[in-house]
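If you want the building blocks of each chain, they are given just below.
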Amino acid sequence: MASLFVTACGSSAGPGKTADSAGPESERTDKARECDAVIAIINKGIKDLNAPSNEGDDPTGAKQLRAMADTLDAVARDIEAVDVTRPELGRKVTDYGDMARDTAKAARDLARASEAKDARGIKAAQSALDTAVKREDPLVDSINAYCQAKQGP
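Right, let's walk through the structure included here. These numbers come from a predicted model, not from an experiment. (Residues numbered from 1 in each chain as written. Predicted model: local features only at pLDDT ≥ 70, side-chain atom pairs only at ≥ 80, totals over all residues. Heavy atoms only, no water.)

Bringing the environment of Glu88 into the picture now. Looking at where Glu88 falls in the secondary structure, it is placed in helix α3 (residues 87-116). Measuring from C-alpha to C-alpha, the distance between Glu88 and Tyr146 comes to 8.2 Å, with 58 residues separating the pair along the chain. (Helix = DSSP H or I, 4+ residues; strand = E, 2+ residues; numbered from the N terminus.)

Let's shift gears to the packing of helix α4 (residues 119-134) against helix α5 (residues 136-148). Close contact between α4 and α5 brings their axes to 5 Å; oriented N to C, the two are set at 15°. For the element pair α4 / α5, the angle class is roughly parallel. Listed contacts from α5 to Ala132, Val133 and Lys134 of α4 are Glu136, Asp137 and Pro138. Each residue belonging to the contact of α4 with α5 can be placed in one class, and the counts come to 3 nonpolar, no polar and 3 charged. (Axes fitted to C-alpha atoms, helices over the stretch in contact; angles between N-to-C directions. Parallel < 35°, antiparallel > 145°, perpendicular 65-115°, else oblique. Contact = heavy atoms within 4.5 Å. Nonpolar A, V, L, I, M, F, W, Y, C, P; charged D, E, K, R; others polar.)

Across all of its chains, the model carries 11 salt bridges by this definition. Arg66 is paired through a salt bridge with Glu115; the nearest N and O atoms lie 2.8 Å apart. Within this pair, whereas Arg66 is found in helix α2 (residues 62-80), its partner Glu115 is found in helix α3, the two being separated by 49 residues in sequence. You can call Arg66 partly exposed: its relative accessible area is 30%. Glu115 gets classed as partly exposed once you look at its relative accessible area, which sits at 43%. Note that Lys92 is salt-bridged to Glu88, the shortest N-O span being 3.7 Å. (Salt bridge = Lys/Arg side-chain N within 4 Å of Asp/Glu carboxyl O. Buried < 20%, exposed > 50% of the residue type's maximum accessible area, 1.4 Å probe, protein only.)

Written as structure tokens, this is what we have:
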């Protein structure tokens, strides 16, 4: 979960235009606004995940894994709360939320297994975590590509 996601759609409506103007410019502006909101949530989540932790003595890493899971659950909740009107972006937002929740669950499972010193559980949770995290980059790339694409006529 360390992708840097800093791409944003231009949200300026241009001279004499407002976000509520009718026509293609309004559609582009709505798309830009939705993309910007989604991107802001993902960027905040990444920033929070990369922030130094003050977990102190935590030889199993369980506290850090649980903090990561809490952050990811918040990202999933926040991103799915964005009012997305475009079906394609809506699917991408849902997929990203699912990935974040799957990653959070795997992190909690890994924390639990690590504390219990359950080698089999650690291996299964680590595998689930690796699988979930591998989904992030393609999702971010897909959101970026959608948000950077020009709106058709």
